[in-house]
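Chain by chain, the residues run as shown.
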Amino acid sequence: MVHSKFICCKLYISESRNAMAIDAIDSAARTDPQVVVLTKFEDCIYNRVRYTLVSYIDNDSSTDEVIYSPIRKVLLRMMEAAFSNIKLKSHSGTHPRMGVNDDLSFHPFGEATMDDAACLAKLVASDIGNDLQVPVFLYAAAHPTGKSVGAIRRELGYYRPNYMENQWAGSMLPDVLPIKPDLGPTNVAPDRGAITVGATPFLEGYNVPVLSKDIATVRRITRRLTGRGGGLPTVQAMALLHDDCTEIACLLDPDHVRAFHVQTAVEQAAAEQGLEVENGYFTDVTKGRVLDKYLKLACGAD
């Protein structure tokens, strides 16, 4: 394999109960052997699926700007399949979302830089806004000022349940958005919604089940855990109902915080409230295994 720059993408789609829709998205993900699906994580309670894909990127020799990655077309095919098979107005689940294709993040690997990831993120965001006519909000390295995805979501009311107190149902965004998207229309199609697109360091997903359905208490624990709440740096987290427990769903930068730090912090905070905690679990491949797994799968495909 002659390439030295690689890109990892995580595409979060608001569906996991509709087998026909998932099959169509799976088929779109396999349309180019140069793009490898490393993992796929489905959760029927959240009604959400995340695909982690990796491929290479090529830069212009004179400007060093990203000019090509096969992942660009594959992502658009996957999103088109999702739009064709998922109707947001009839969707419900215990995980927040503002669109059929809810979030897309880009992460550099190998010799790729964050500038490479941001450049490719903006190219795909332009495809989504112009070709698919969906409002796009850029974040982190893809945004001119580095605005966080959390800040965008708070402005759009992303974290406020609108169904049965702790679930999200139907289209949660108004027809005209309260803040202007970076790309695409300002009007929202109720069956498509909007999407956030960003470029960040690779974040690991780690969920910790708290054996309680007292979501208000678990949310207080969650706020203490996050970097924004003065807890562990880089940790982003939400408390979400899940079966007979409440999960604290975390994203963490493993260069700053490890999963055992998160587990310990949750256990200590939960014990203060008299709550028990189960062992957490990773929802995705860990950072150190991304390239190794990709190269093995890519070589196998060859």
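Just so we're clear, the structure is a prediction, and the values are computed from it rather than from any experiment.

### Brief notes about the sheet that holds strand E7 (residues 101-110)
Paired through backbone hydrogen bonds, the strands of a sheet run either parallel or antiparallel to each other.
Okay, so step 1: The mixed open sheet is built from 6 strands, whose spatial order is E2-E3-E1-E7-E10-E8. One side of each edge strand has no neighbouring strand; the edge strands of this open sheet are strand E2 (36-43) and strand E8 (136-140). Between one strand axis and the next, the sheet turns through 15 degrees on average, direction left out of account.

### Brief notes about the packing of helix H1 (residues 19-29) against helix H2 (residues 71-85)
Okay, so step 1: The interhelical angle for the contact between H1 and H2, taken along N-to-C directions, is 165 degrees, at an axis separation of 8 Å. The pairing of H1 with H2 is recorded here as roughly antiparallel in orientation. Regarding H1 and H2, the two cross each other, and that crossing is right-handed. Residue-level inspection shows Ala-21, Ala-24, Ile-25, Ala-28 and Ala-29 of H1 in contact with H2, the latter providing Val-74, Arg-77, Met-78, Ala-81, Ala-82 and Asn-85.
Okay, so step 2: Of the residues contributing to the contact of H1 with H2, the split by class is 9 nonpolar, 1 polar and 1 charged.

### Examining the domain arrangement of the protein chain
Okay, so step 1: Split into domains, the protein chain comes out as domain 1 (5-200) and domain 2 (204-282).
Okay, so step 2: Once you take the C-alpha centre of each, domain 1 and domain 2 turn out to be 25 Å apart.
Okay, so step 3: Contacts between the two partners involve 14 residues from domain 1, matched on the other side by 13 residues from domain 2.
Okay, so step 4: Between domain 1 and domain 2, a total of about 1100 Å² is buried, with carbon and sulfur atoms accounting for 57% of that surface.
Okay, so step 5: Counting across the interface, domain 1 meets domain 2 through 4 residue pairs in polar contact (both at pLDDT 80 or more).
Okay, so step 6: Secondary-structure elements contributing two or more residues to the side of domain 1 that touches domain 2 are E2 and helix H4 (149-155).
Okay, so step 7: For the side of domain 1 that touches domain 2, the class distribution of residues is 9 nonpolar, 3 polar and 2 charged.

### Re the pattern of salt bridges
Okay, so step 1: Counting across every chain of the model gives 11 salt bridges.
Okay, so step 2: For Lys-147, the salt bridge goes to Glu-155, with nearest N and O atoms at 2.5 Å.
Okay, so step 3: A salt bridge links Glu-272 to Arg-224; its shortest N-O distance comes to 3.0 Å. Separated by 48 residues along the polypeptide, Glu-272 in helix H6 (residues 259-272) and Arg-224 in helix H5 (residues 215-225) bring together distant segments of the chain.
Okay, so step 4: Classification of Glu-272 by relative accessible area gives exposed; the value is 55%.
Okay, so step 5: Each of Lys-10, Arg-50 and Asp-284 takes part in salt bridges that share partners, so that together they form one network.

### Quick look at the UniProt feature "domain: Formiminotransferase N-terminal subdomain" (unreviewed entry) in the protein chain
Okay, so step 1: UniProt tags residues 5-201 as "domain: Formiminotransferase N-terminal subdomain" (unreviewed entry).
Okay, so step 2: With 25% helix and 28% strand, the stretch residues 5-201 has end C-alpha atoms that lie 15 Å from each other.

### Examining the layout of surface pockets
The gaps left among the atoms become clear once a water-sized probe is rolled over them.
Okay, so step 1: Here the largest pocket defines a volume of roughly 1300 Å³.
Okay, so step 2: At 5 residues, the largest contribution of residues to the lining of the largest pocket is made by strand E12 (residues 236-242).
Okay, so step 3: Taken together, the residues of the lining of the largest pocket sort by class into 22 nonpolar, 15 polar and 12 charged.
Okay, so step 4: When residues of the lining of the largest pocket are assigned to domains, at least three map to each of domain 1 (5-200) and domain 2 (204-282).

### What to know about the side chain of Asn-166
Okay, so step 1: For Asn-166, the location among the structural elements is in the loop between H4 and strand E9 (168-169).
Okay, so step 2: By relative accessible area, Asn-166 is classed as buried at 14%.
Okay, so step 3: The residues contacting Asn-166, other than those within four sequence positions of it, are Thr-94, Pro-161, Ile-215, Arg-219 and Leu-241.

### With respect to the environment of Val-262
Okay, so step 1: If you trace the backbone, Val-262 turns up in helix H6.
Okay, so step 2: By relative accessible area, Val-262 is classed as buried at 0%.
Okay, so step 3: Taking the C-alpha atoms as reference, Val-262 lies 24 Å from Arg-160; in sequence the two are 102 residues apart.
Okay, so step 4: In this view, Val-262 contacts Tyr-206, Val-208, Leu-225, Leu-232, Val-235, Cys-250, Leu-252 and Val-257; residues no more than four positions away in its chain are not counted.

### Some points on the sheet that holds strand E14 (residues 281-282)
Okay, so step 1: Pairing in this open sheet of 4 strands is antiparallel, and the strands run E12-E13-E11-E14 from one edge to the other. Every interior strand has two partners, whereas the edge strands, E12 and E14, have only one.
Okay, so step 2: Where E12 meets strand E13 (residues 245-252), 7 bridges bridge the pair, whose relative direction is antiparallel. Residue pairing for E13: Ala-239 is matched across the bridge by Ile-248.
Okay, so step 3: Across the face of the sheet, H6 comes into contact with strand E11 (204-210), E13 and E14 while running at roughly 20 degrees to E11.

### A word on the pairing of strand E3 (residues 48-56)
Okay, so step 1: Of all 9 residues that make up E3, 9 are buried, and the element is covered over most of its length.
Okay, so step 2: Alternating positions in E3 separate into two faces, Arg-48, Arg-50, Thr-52, Val-54 and Tyr-56 on one and Val-49, Tyr-51, Leu-53 and Ser-55 on the other, with burial throughout.
Okay, so step 3: Of the strand pairs in this sheet, strand E1 (residues 5-13) and E3 are connected by 8 bridges, and their pairing is antiparallel. Among the inter-strand pairings, Phe-6 is bridged to a residue of E3, identified as Tyr-56.

What counts and what doesn't
- Residues numbered from 1 in each chain as written.
- Predicted model: local features only at pLDDT ≥ 70, side-chain atom pairs only at ≥ 80, totals over all residues.
- Heavy atoms only, no water.
- Pairing = 2+ DSSP bridges.
- Helix = DSSP H or I, 4+ residues; strand = E, 2+ residues; numbered from the N terminus.
- Axes fitted to C-alpha atoms, helices over the stretch in contact; angles between N-to-C directions.
- Parallel < 35°, antiparallel > 145°, perpendicular 65-115°, else oblique.
- Left-handed = near helix turned anticlockwise from the far one by under 90°.
- Contact = heavy atoms within 4.5 Å.
- Nonpolar A, V, L, I, M, F, W, Y, C, P; charged D, E, K, R; others polar.
- Domains from an automatic or database assignment.
- Buried area = accessible area lost by both parts, 1.4 Å probe.
- Polar contact = N/O pair within 3.5 Å; in protein donor to acceptor, adjacent residues only side chain to side chain.
- Salt bridge = Lys/Arg side-chain N within 4 Å of Asp/Glu carboxyl O.
- Buried < 20%, exposed > 50% of the residue type's maximum accessible area, 1.4 Å probe, protein only.
- UniProt positions renumbered as here; feature names shortened; annotations may be inferred.
- 1 Å grid on protein atoms, 1.4 Å probe; cavity = no way out; pocket = protein on both sides within 12 Å on 5 of 7 lines; lining within 4 Å.
- Points joined across faces, edges and corners; volume = space filled by probe spheres on them.

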